[in-house]
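Breakdown of the fold
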Amino acid sequence: MALEHAILVALTEHSGSGYELARRFDKSIGYFWSATHQQIYRVLKRMDEAGWVDGEAVAQDGRPDKKVYRVSESGRAELSRWIAEPAEIGVLRGELAVKIRGAAHGDIEALCTEVARHRDTHAERLDLYRLMEKHDFSAPEQLSGTELHQYLVLRGGIRVEEGFTQWCDEVLNALGNSQGRPTQR
């Protein structure tokens, strides 16, 4: 997926300036697709030049004008094309998995510390997602349209974080048992 598609999705939900879009990325879609503020501004410029978004200058009191972006018809067509395109199948891929695979050749205690760090980070993210779910989607059975789609992505994030946290616990348990030590969790 290109950043352009994540921005198109965000702008279909709510038009906004580059700054507003970057802040929304930090608080919502950024949990699933990250980008720096500079990347967002650079890509917005490219999208404007390609005709995927329309930018409108909006005057502000005491500050320079801001440019508010909306998805154009061309951008909606691109988003529709991209949504219909097959997506990459997700896989467990990452440095931590390779480290665990090679655990027999390293410091198991240090690896357990690293796995515990990952577990704690995923548990914190899981708690955050659950708070978002409770705050923003108190009646999921009543959702439709964009809100339903946002909820479904959040539920996917919850499931991923639950699974990753449980997997880290399993790894810690197995590695602790393999060393004849009590488990860390």
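Each value, and the rule that gives it
Residues numbered from 1 in each chain as written. Predicted model: local features only at pLDDT ≥ 70, side-chain atom pairs only at ≥ 80, totals over all residues. Heavy atoms only, no water. Helix = DSSP H or I, 4+ residues; strand = E, 2+ residues; numbered from the N terminus. Buried < 20%, exposed > 50% of the residue type's maximum accessible area, 1.4 Å probe, protein only. Contact = heavy atoms within 4.5 Å. Salt bridge = Lys/Arg side-chain N within 4 Å of Asp/Glu carboxyl O. Core = buried A, V, L, I, M, F, W, Y, C linked by side-chain atoms within 4.5 Å.

Under an unreviewed UniProt entry, the protein chain has the name PadR family transcriptional regulator and belongs to Antrihabitans stalagmiti.

1. As for the side chain of Ser72
On the secondary structure map, Ser72 appears in the loop between β3 (63-71) and α4 (73-84). A relative accessible area of 7% means that Ser72 is categorised as buried. Residues contacting Ser72, with those up to four places away along its chain left out, are Gly51, Trp52, Val53 and Asp54.

2. A few points about the pattern of salt bridges
Under the defined criterion, the tally for this structure stands at 13 salt bridges. Among the ionic pairs, Arg81 bridges to Glu85, the shortest N-O distance being 2.6 Å. Residue Arg81 is classed as partly exposed on the basis of its relative accessible area, which comes to 42%. Judged by relative accessible area, which is 37%, Glu85 ranks as partly exposed.

3. Some remarks on the nonpolar core
Membership of the largest hydrophobic core comes to 20 residues, with the highest contact counts inside it found for Ile7, Leu11, Leu21, Phe25 and Ile40. The set of elements that each furnish at least two residues to this core consists of α1 (3-13), α2 (18-27), α3 (37-50), β3 and α4. For this core, the element with the highest residue contribution is α1, accounting for six residues. If sequence neighbours within four positions are ignored, Leu11 has contacts with Gly16, Leu21, Arg24, Leu44, Val53, Tyr69 and Val71. Among the nonpolar cores identified, the runner-up in size contains 13 residues, and Ile100, Cys112, Phe164 and Cys168 belong to it.

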